[in-house]
Amino acid sequence: MTKIKKGIILSGGSGTRMYPMTSALSKQFLPIFDKPMIYYPLTTLMESGINDILVICNRDDLTLFNKLLGSGNQWGINISYEVQENPNGIAEAFIIGEKFIQNDNVALILGDNIIYGSSVKKTLSSLASNHHGASIFGYEVSDPERYGVAGFDEKGLLESIEEKPKNPKSNFAITGLYFYESEVIDVAKGLKPSKRGELEITDINNYFLQKKKLNFNKFDLGSAWLDAGTSSSLLSASEFISTLQERQGILIGSPELAALENKWINEDDIKSFFGLKIKSNYTNQIL
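> Mind showing me how you'd approach the overall build of the protein chain here?
Helix and strand content of the protein chain: 11 helices and 13 strands. Relative to the globule expectation of 19 Å for 287 residues, the C-alpha radius of gyration of the protein chain, 18 Å, shows essentially globular dimensions. With respect to the principal axes defined by its C-alpha atoms, the protein chain has extents near 55 × 40 × 40 Å. Among the 287 residues that make up the protein chain, the fraction classed as buried is 52%.

Here it is as structure tokens:
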């Protein structure tokens, strides 16, 4: 078992489901209430204790991602970048990120996924600190046919994963967060494109399932998983974040707070970074 210190945020794709909002920039720059969408998956990785992060994006968005996130130094982490030239599937992230991963365990999160919950945070931190094989996460939804779906045997153990099935075997969707051993690179290289012409992450998960090296974890009812990849889900996610923050007086999806909690930076670092020039509701909740 080895600690996961590296994480990939996949922020490629064309974002056609959100046109025309994404005609000029990646959907990961769109706001989820008071922050850019990419802040949420970034914070999830940081809350898991991961401080070496690769952002994979379209070539046209590379300069903007650099401007928004920089090197990660302001959060006490390291952020690097690679380009996905064409939307060839989620599993291609491991081929693109081969030099970044090397022989280490790695986490992958999709750039439009928002994960929230104190129990989730503890689960991810625990798994990332002592990981082996592959780990995926399930969340009960009302429309499982939109996702990769888990199938269970009579004992309730995971026995299959199907991608966007017409007749789902359960209501448990596979979320866009995955933990893997470095073996995932060779697995991804050995995949053949699906009928959709993509390298499917479900095929990687089924490989580890067949090898009996796949851990399935259910997010509990007190947690939230949001896929903000459509216009309606973008609005729902913003309303969710707004309601929680305003009613509970908390800040969700903040890299600064995640960095503080991990003691990668201190309050003086934050004050120095923001200085006197940046004043907003977001910064007021941090400073």
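> What exactly am I supposed to notice about helix H8 (residues 231-248) here?
Structurally, the α-helix is built with 3.6 residues per turn, so residues lying three or four positions apart point the same way. In this model H8 runs 26 Å from its N-terminal to its C-terminal C-alpha over 18 residues, within 8% of the 26 Å that 1.5 Å per residue would give. Considered for burial, the residues of H8 that qualify are Ser233, Leu234, Ala237, Ser238, Ile241, Ser242, Leu244 and Gln245. For H8, the elements touching its buried residues are strand S2 (31-32), strand S3 (35-36), helix H1 (39-47), strand S7 (113-116), strand S13 (224-227) and helix H11 (281-286). The first or second residue beyond H8 is Gly249, which carries a positive phi of 65°.

> Can you help me understand the side chain of Ser223 in this one?
The residue Ser223 is located in the loop between strand S12 (214-218) and S13 in this model. A polar contact is formed between the side chain of Ser223 and the backbone oxygen of Asp220, at a distance of 2.5 Å.

> Explain the pairing of strand S6 (residues 106-110) here, please?
Consecutive residues of a regular strand have side chains that alternate between opposite faces of the sheet. Among the 5 residues in S6, 5 count as buried, and that is most of the element. What you see with S6 is no split at all: Val106, Leu108 and Leu110 on one side and Ala107 and Ile109 on the other are buried throughout.

> I would appreciate a short explanation of the packing of aromatic side chains in the present structure.
Aromatic rings considered in pairs are described by the distance between their centres and by the relative angle of their planes. Applying the stated rule across the entire model yields 15 aromatic pairs. When the centroid spacing of 5.4 Å and the interplanar angle of 20° are considered together, the rings of Phe137 and Phe219 count as stacked. Taken together, the residues span a long stretch of sequence, with Phe137 in strand S8 (residues 134-140) and Phe219 in the loop between S12 and S13 at a distance of 82 residues. In terms of burial, Phe137 and Phe219 fall into one category: buried. By the ring-pair criterion, three or more aromatic residues cluster together here, those being Phe94, Tyr178, Tyr180, Tyr207 and Phe208.

> Teacher, can you tell me more about the pairing of strand S5 (residues 78-83) here?
Covered by surrounding structure in S5 are Ile79, Tyr81 and Val83 only, the residues Asn78, Ser80 and Glu82 on the alternate face being uncovered. Following the chain from strand S4 (residues 52-57) across helix H2 (residues 62-69) to the adjacent parallel S5, one finds a crossover that is right-handed.

> Explain the nonpolar core to me, please; I cannot follow it from the model alone.
Taken as a class, soluble globular proteins show a tendency for nonpolar side chains to be buried jointly. With 42 residues, the main nonpolar core has Leu42, Met46, Ile53, Phe65, Leu69, Trp75 and Phe179 as its most contacted residues. When residues no more than four places from it in sequence are discounted, the contact partners of Leu42 are Ile9, Ile53, Leu69, Trp75, Ile77 and Pro255.

> What should I look at first to understand the side chain of Gln28 in this one?
As for its placement among the helices and strands, Gln28 is situated in the loop between strand S1 (6-11) and S2. Gln28 sits in the buried class, given a relative accessible area of 1%. Looking at Gln28, its side chain comes within polar contact range of the side chain of Ser26, at 2.5 Å. Non-local contacts of Gln28, meaning those with residues more than four positions away in its chain, are made with Leu10, Ser11, Pro36, Met37, Ile38, Phe65, Gly111 and Asp112.

> Please clarify how the environment of Ser242 should be interpreted in this entry.
Tracing the backbone through its elements, the reader meets Ser242 in helix H8. Residue classification places Ser242 among the buried residues on the basis of a relative accessible area of 15%.

> Sorry if this is basic, but what is going on with the pattern of salt bridges here?
Side-chain pairs of opposite charge can arise whenever the charged atoms involved come near each other. Under the criterion given, the structure shown has 12 salt bridges. Arg59 is the partner of Glu85 in a salt bridge, and the nearest nitrogen-oxygen pair spans 2.3 Å. Here the residue Glu85 occupies a position in the loop between S5 and helix H3 (92-96), and Arg59 occupies one in the loop between S4 and H2, the gap between them amounting to 26 residues. A salt bridge links Arg196 to Glu200; the nearest nitrogen and oxygen atoms lie 2.8 Å apart. Residue Glu200 is classed as buried on the basis of its relative accessible area of 8%. The structure contains a network of salt bridges with shared partners spanning Glu181, Glu183 and Lys213.

Conventions and cut-offs
Residues numbered from 1 in each chain as written. Predicted model: local features only at pLDDT ≥ 70, side-chain atom pairs only at ≥ 80, totals over all residues. Heavy atoms only, no water. Helix = DSSP H or I, 4+ residues; strand = E, 2+ residues; numbered from the N terminus. Rg over C-alpha atoms; globule rule 2.2 N^0.38 Å. Buried < 20%, exposed > 50% of the residue type's maximum accessible area, 1.4 Å probe, protein only. Expected span 1.5 Å × (residues − 1). Contact = heavy atoms within 4.5 Å. Polar contact = N/O pair within 3.5 Å; in protein donor to acceptor, adjacent residues only side chain to side chain. Phe/Tyr/Trp six-rings, centres within 6.5 Å; stacked < 30°, edge-to-face > 60°. Right-handed = clockwise from strand over helix to strand, strands pointing away. Core = buried A, V, L, I, M, F, W, Y, C linked by side-chain atoms within 4.5 Å. Salt bridge = Lys/Arg side-chain N within 4 Å of Asp/Glu carboxyl O.

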